[in-house]
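Summary of the model geometry
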Amino acid sequence: MLRQIVLLSLLSLVPGLAAASQCPAERPTPMVPSDPALCAALDGDIRRPGAFPLDVYQEKLGRYLGAFCHRNPAAGWRVDKSVRDTGPFTATLRNDKATGNYHGTHAPVVIWYSPEMFGWLKANRGGAHETTATEAPVPDGALMVKEMFPAPAALCRDVDPLRLLPTSGAAVMVRDAKASHDGWFWGWFGWSDWKPDWPAGPGNGYPNMGFGQYCVNCHASAKANATFADLKNIRGEPGRPLVFLSQNSFTDRSAKAHDDLSAMLNHLRIVQESDDVTLLGAPARQRPAPEFAAFYGIPFPHPSADKVMRMPSQTYDNVWASADRREAKQQFLTSDQCLGCHDAGSTGLHFDMTLPGPGGRLLNLSPYGTWSTSPMGLAGRDPVFFAQLASETETFHPEAAALVQDTCLGCHGVMGQRQFKIDQRAAGKGCTPFTRAAVAAVPWPAGHSGLAAKHGALARDGVSCTTCHAMALSEAERNRVKAEPQNSCVEERQAFLNPENTGFARTFTGSFLMDEMTQMKGPFEDPKVKPMEHALGMTPVQNPAIKSSELCGSCHTVHLPVLDKGKVIGHTYEQTTYAEWAFSDFRTGQSPDGALPFSAGKSPETCQGCHMPSRDADGQPYRSKIASIQEYSNFPQAEHTLPPEEIDLPVRSGFASHALVGLNSFLIKMAQQFPELMGIRTQDPMLTKKGIDPLLFTEKAIDHQAAERSAAIAVESIRMTGSTLEASVRVTNKVGHRFPSGVGFRRAFIEFKVLDEGGRTIWASGRTDALGVITDAAGAPVAGEVWWNSDCSARLDPLAHQPHREVITRQDEVQIYQELVSSPPLSGPAQCGTGSQPAGQLTTSFLSICANVKDNRLLPKGYLKRDERVKLAASLGAGPELADEAGPVNVGDDPDYREGGGDATLYRIALPEIGGKPASVEATLYYQATPPFYLQDRFCTSKSADTQRLHFMTSRLNLAGSRSEGWKLRTVSTGPVRIQ
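Note that this is a predicted model, so its numbers are computed, not measured.

The next point concerns the nonpolar core. Among the nonpolar cores identified, the biggest contains 118 residues, and Ile 750, Phe 752, Val 754 and Leu 925 are the most heavily contacted of them. Every residue in contact with Phe 752, bar those within four places of it in the chain, is listed here: Ala 727, Val 729, Trp 763, Ala 764, Ser 765, Tyr 907, Ile 909, Val 921, Glu 922 and Ala 923. Leu 38, Leu 54, Ile 111 and Met 532 belong to the second largest nonpolar core, which has 71 residues in total.

This is the structure:
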């Protein structure tokens with residue numbers, strides 16, 4: 001928000017300028033309405049912000065304010081007595097020079113009040129300016145224009161406000177109670193270099209104006225009507241404005257501007273310090289990597305930068321709380337409605353939810369700050385997901401394209417899909433499928449797509465706040481709300497995806513039910529309710545179930561139909577991450593519905609315990625306030641606030657980060673290097689330059705997860721005889737589910753090297769080329785690495801792969817931990833399901849999983865036996881197939897897959913096969929979120945714009961110097977282990 005204005009307020013402290021004028025904002029002549037006819041023509045329209053598209057209204061308001069139409073006492077506008085501070089101004093001696101710091105909620109202000117606003121103040125805040133009576137609502141059409149000036153106010157206090165140019169712009173409030181729950185249109189206007197927010201500009205920045213803006217983080221602390229306005233500030237009214245400490249005596253002498261002054265003025269910091277254009281980390285390649293172009297054949301021309309489809313700008317993702325949420329059946333809001341309070345630094349005065357970081361910047365641990373660049377926050381913009389969806393609808397299942405889109409977007413675009421269903425049913429149109437085209441809907445230009453922009457904005461916002469924090473988590477809650485409007489079409493989804501399941505298992509594949517739209521659930525007791533009620537019409541409530549793994553399990557157990565030529569021929573589990581946890585030593589033995597069989601495992605920990613850490617590296621709980629709002633006791637004094645017991649926030653222990661990362665580093669690198677293609681901003685909109693850029697924080701969180709929390713690797717034994725070298729390598733799974741887990745195409749593999757005395761590799765299994773393709777000693781891809789011929793015209797060996805191995809003897813044999821599945825046969829009847837023999841070809845289609853070919857992913861420690869898994873699955877409401885599909889496939893009699901916890905591989909190498917004298921061995925575990933065969937299948941099975949965008953991004957992705965260099969994420973390594 002407020003992107004381009006130059007911070008002229010700093011000039012007030014620059015040596016030499018004070019001598020020319022104490023007030024840099026002073027002008028020689030009054031700035032008053034210059035075009036009365038224009039002002040009269042616009043006056044009615046600017047009082048109705050909800051009646052126009054944002055760009056149209058902003059253009060009108062911009063012309064009105066630019067012509068100073070509000071500075072019109074003759075028309076009944078009233079003005080403050082003079083420029084006044086909104087907080088203290090303090091001086092500090094540094095190197096024998098005085099520097100200044102401003103601690104106001106705004107820059108110093110002069111507020112202009114429209115006749116309606118002044119009349120309301122006279123009627124509701126007169127007398128002693130404190131009333132216990134209930135205030136009447138501010139009338140629609142009332143305006144306040146908060147002109148902002150250099151700090152401190154003493155610089156310009158004695159100048160007639162009509163001769164002051166608002167060098168720091170103006171914060172604008174326009175009353176339109178029919179348009180939003182909080183009742184105001186909020187914005188910032190600058191008299192220099194300002195323009196409407198639509199069309200979105202470079203950087204996809206936070207908008208300057210709109211309904212539901214972050215301003216409510218302070219204004220929701222007002223006693224009523226979201227305003228602190230008071231008559232005693234106004235010229236001609238009795239009383240005096242509040243005053244604050246102002247150590248301004250040095251401002252007429254040689255003084256140096258403090259570097260952090262602008263950072264203390266939140267409304268200005270969001271303007272001047274925002275930089276959503278500068279790319280993060282290593283820049284992308286200017287051209288496709290030659291090796292990439294050589295390996296990946298494509299059935300479409302190489303896309304160029306000017307032709308690549310861009311996701312709509314995040315600037316457009318603004319769905320606010322309407323004035324009639326219940327009547328309008330508005331269940332979901334975009335995350336920008338939460339960031340004002342639940343992002344760090346949003347008040348500009350307090351920096352809770354942060355820790356000191358490198359380079360003098362802050363680590364943003366706030367819910368919004370950590371979530372926004374997580375895979376959950378990016379789910380609705382994930383270029384890999386949309387390319388997968390294109391393959392499903394274009395090649396794998398074109399006969400069922402609408403069904404596929406609706407099913408998949410029910411997770412990745414959940415809020416848009418759900419709200420669309422609610423609105424369609426309310427309009428009498430039934431359960432119409434939600435489509436990829438709806439995700440692209442934007443509000444500008446108006447009506448250009450014929451689709452509702454709110455559904456697109458909600459879908460692009462990913463798995464967002466009003467999804468997780470409003471789920472119905474227990475059976476009692478689900479039974480209470482299942483027939484309510486917010487769950488329109490969810491029963492139909494459950495019946496299609498989970499037809500035989502009951503209870504919690506009925507909610508698999510993101511088929512959860514939503515609770516009341518008027519509540520937001522959290523883990524902490526006694527939350528302060530008034531600010532959220534004022535801002536959004538929601539009441540925060542404590543619900544311990546939000547800390548349970550079942551919050552995650554509904555989406556992270558994916559049960560899908562098996563499609564064959566458009567028909568459903570069965571169902572299968574594509575993902576079983578939650579079940580894997582429930583079958584492991586990490587299970588807690590509890591659910592929101594009570595105890596589960598077999599009680600807690602030996603190492604109980606919920607999903608949130610790993611993926612939403614609430615402790616620091618030393619194991620100490622994070623302590624912080626859980627929001628950033630205007631408080632009573634810890635803020636510059638204001639009039640008409642709520643009392644301290646309703647807005648003073650306690651420090652909480654166990655504050656949890658919403659980082660929510662796994663090991664998908666490639667997604668984060670694409671977001672860093674191609675934010676314009678993904679339509680995202682790269683800098684946190686509240687903390688701006690004071691914070692470490694969130695995408696860099698997310699990358700580091702993934703690196704830490706890879707290095708410390710995922711796995712361990714060790715060489716258990718080395719033995720060299722006269723003819724062979726034998727080394728046993730053990731990988732230990734440290735996570736509470738299989739490793740890898742989640743979507744089936746993720747994989748991990750061991751690179752095992754034999755080194756000579758000089759450290760040169762003289763034998764290796766698991767070596768790779770620059771693209772992460774696993775190769776043999778001659779550099780040729782090993783079996784299973786290449787699925788298509790060079791021009792995508794034909795599949796190669798349809799079932800070729802690397803089987804699970806207990807012993808490896810050759811360099812073209814590799815231990816790859818992965819799941820591989822096959823499609824139904826290309827012709828003839830299909831026999832699908834647990835135990836079926838592969839009769840088709842290896843597939844990456846989520847809806848073509850007919851048979852399991854291989855699943856040797858590492859089981860978590862303490863894995864239950866099959867009969868125990870069957871019993872626990874039944875307690876969840878699922879059949880025995882959940883227990884079966886969460887088990888290993890084609891691992892032979894390997895004892896490591898009986899109780900889980902890891903796997904050992906024996907490397908038995910004939911010495912004549914080693915190209916030198918062995919001195920040491922080294923084993924490294926790598927992880928690939930998108931293996932080469934998976935990318936190849938994307939490029940060869942779709943010509944869509946989404947696929948071409950993925951090709952453009954991946955072909956230019958620069959991984960040099962990162963932990964993912966060479967298209968493989970390094971997790972853990974033994975380092976060289978000496979052969980004794």
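For the rest of this paragraph, the subject is the pattern of salt bridges. Here the structure, examined in full by the defined rule, presents 48 salt bridges. Across the pair Glu 147 and Arg 71 runs a salt bridge whose closest N-O atoms are separated by 2.8 Å. Of this pair, Glu 147 sits in strand E5 (residues 143-148) while Arg 71 sits in the loop between helix H3 (54-66) and strand E1 (78-79), and the two are 76 residues apart along the sequence. According to the relative accessible area criterion, Arg 71 is buried, its value standing at 2%. Between Glu 639 and Lys 232 there is a salt bridge, with the nearest N and O atoms lying 2.6 Å from each other.

Right, let's talk about unusual backbone geometry for a bit. Of note, the amide linkage connecting Trp 444 to Pro 445 takes the cis form, showing an omega dihedral of -15°. Along the chain, Pro 445 falls in the loop between helix H14 (436-439) and helix H15 (453-460). Between Phe 739 and Pro 740 the backbone carries a cis peptide bond, its omega angle lying at -10°. Take Pro 740: it is sitting in the loop between strand E20 (724-733) and strand E21 (747-755). In this model, Cys 489 sits at a positive phi of 75°, which is unusual for a non-glycine residue. Among the secondary structure elements, Cys 489 is positioned in the loop between helix H17 (475-481) and helix H18 (490-497). A positive phi angle, near 60°, is found at His 640, a position not held by glycine. Among the secondary structure elements, His 640 is positioned in the loop between strand E17 (623-624) and helix H23 (644-647).

Bringing the packing of aromatic side chains into the picture now. The tally for this structure, following the rule as stated, stands at 31 aromatic pairs. Ring centres of Phe 189 and Trp 191 lie 4.8 Å apart, and the angle between their planes is 85°; on these two criteria the pair is classed as edge-to-face. The buried category is assigned to Phe 189, whose relative accessible area is 4%. Chaining the aromatic ring pairs together yields one cluster made of Phe 504, Phe 508, Tyr 573, Tyr 578 and Trp 581. The ring of Tyr 926 has Lys 968 lying over it, and the distance from NZ or CZ to the ring centre is 4.3 Å.

Considering all chains together, one arrives at five disulfides under this definition. Paired through a disulfide, Cys 23 and Cys 156 show a sulfur-sulfur distance of 2.0 Å. On the sign convention where negative means left-handed, the S-S torsion of about 95° between Cys 23 and Cys 156 marks this disulfide as right-handed. Here Cys 23 is found in the loop between helix H1 (17-20) and helix H2 (36-43), whereas its partner Cys 156 is found in the loop between E5 and strand E6 (170-175), with 133 residues between them in sequence. Both residues of the pair, Cys 23 and Cys 156, belong to the buried class. A sulfur-sulfur distance of 2.0 Å marks the disulfide that ties Cys 39 to Cys 69.

Our focus in this paragraph is the sheet that holds strand E4 (residues 109-113). Here six strands make up an open sheet; going across it, the order is E1-E4-E5-E6-E7-E8 and the pairing antiparallel. The open sheet has two free edges, formed respectively by E1 and strand E8 (209-211), since each of these has just one partner strand. Bridging between strand E7 (residues 184-189) and E8 involves three bridges; their strand directions are antiparallel. From the neighbouring strand, Gly 187 faces E8, where its bridge partner is Met 209.

On to the environment of Thr 509. With respect to the helices and strands, the residue Thr 509 is situated in the loop between H18 and strand E11 (519-522). Distance from Thr 509 to Glu 291, taken between C-alpha atoms, is 38 Å for residues 218 residues apart in sequence. Here Thr 509 is in contact with Cys 411, Arg 493, Leu 497, Asn 498, Ser 554, Thr 557, Val 558, His 559 and Leu 560, once residues within four sequence places are set aside. Separated by 2.8 Å, the side chain of Thr 509 and the backbone nitrogen of His 559 make a polar contact.

Turning our attention to H3. Compared with the 18 Å implied by 1.5 Å per residue over 13 residues, the 17 Å span of H3 between its first and last C-alpha is a close match. Every buried residue belonging to H3 is among Leu 54, Asp 55, Tyr 57, Gln 58, Lys 60, Leu 61, Gly 62, Tyr 64 and Leu 65, and all of these are buried. Where H3 is buried, its residues contact H2, E5, E6, E7 and E8. Two residues or fewer past H3, Phe 68 is found with a positive phi of approximately 60°.

Moving on, we come to the packing of helix H30 (residues 932-940) against helix H31 (residues 945-956). Their axes nearest at 9 Å, the elements H30 and H31 cross at an angle of 140°. The angle between the axes of H30 and H31 places the two elements in the oblique class. Here the hand of the crossing between H30 and H31 comes out left-handed. Across the interface between the two elements, Leu 935, Arg 938 and Phe 939 from H30 touch Thr 947, Leu 950, His 951 and Thr 954 from H31. Its residues assigned to classes, the contact of H30 with H31 shows three nonpolar, three polar and one charged.

Turning next to the packing of helix H12 (residues 401-412) against H18. Two elements in contact, H12 and H18, have axes separated by 12 Å at closest approach and are oriented at 110°. When the axes of H12 and H18 are compared, the pair comes out roughly perpendicular. Contacts from Leu 403, Asp 406, Thr 407, Gly 410 and Cys 411 of H12 reach H18 at Arg 493, Phe 496 and Leu 497. Among the residues forming the contact of H12 with H18, the class breakdown is four nonpolar, two polar and two charged.

This part covers the side chain of Asn 543. Within the secondary structure, Asn 543 sits in the loop between strand E12 (539-542) and helix H20 (550-553). Residue Asn 543 is classed as buried on the basis of its relative accessible area, which comes to 12%. The contacts of Asn 543, once residues within four sequence positions are left out, are Glu 477, Lys 521 and Gly 522.

What follows deals with H12. Here H12 is twelve residues long and its end C-alpha atoms lie 16 Å apart, about the 16 Å a rise of 1.5 Å per residue gives. As for H12, its buried residues are in contact with helix H11 (383-396), helix H13 (414-426), H14, H18 and strand E13 (557-564).

Our focus in this paragraph is the confidence of the model for the chain. A low pLDDT means the predicted coordinates there should not be read in detail. Model confidence for the chain is summarised by a mean pLDDT of 93, while 94% of its residues fall at 70 or above. Low pLDDT, under 50, characterises residues 1-20; the predicted model gives this stretch 66 contacts beyond four residues in sequence or across chains. Confidence drops under pLDDT 50 across residues 253-264; counting only partners more than four residues distant or on other chains, this segment forms 35 contacts.

Cut-off values and rules
Residues numbered from 1 in each chain as written. Predicted model: local features only at pLDDT ≥ 70, side-chain atom pairs only at ≥ 80, totals over all residues. Heavy atoms only, no water. Core = buried A, V, L, I, M, F, W, Y, C linked by side-chain atoms within 4.5 Å. Buried < 20%, exposed > 50% of the residue type's maximum accessible area, 1.4 Å probe, protein only. Contact = heavy atoms within 4.5 Å. Salt bridge = Lys/Arg side-chain N within 4 Å of Asp/Glu carboxyl O. Helix = DSSP H or I, 4+ residues; strand = E, 2+ residues; numbered from the N terminus. Phe/Tyr/Trp six-rings, centres within 6.5 Å; stacked < 30°, edge-to-face > 60°. Lys NZ or Arg CZ within 6 Å of the ring centre and 35° of its normal. Disulfide = S-S within 2.5 Å. Pairing = 2+ DSSP bridges. Polar contact = N/O pair within 3.5 Å; in protein donor to acceptor, adjacent residues only side chain to side chain. Expected span 1.5 Å × (residues − 1). Axes fitted to C-alpha atoms, helices over the stretch in contact; angles between N-to-C directions. Parallel < 35°, antiparallel > 145°, perpendicular 65-115°, else oblique. Left-handed = near helix turned anticlockwise from the far one by under 90°. Nonpolar A, V, L, I, M, F, W, Y, C, P; charged D, E, K, R; others polar. pLDDT = per-residue confidence, 0-100.

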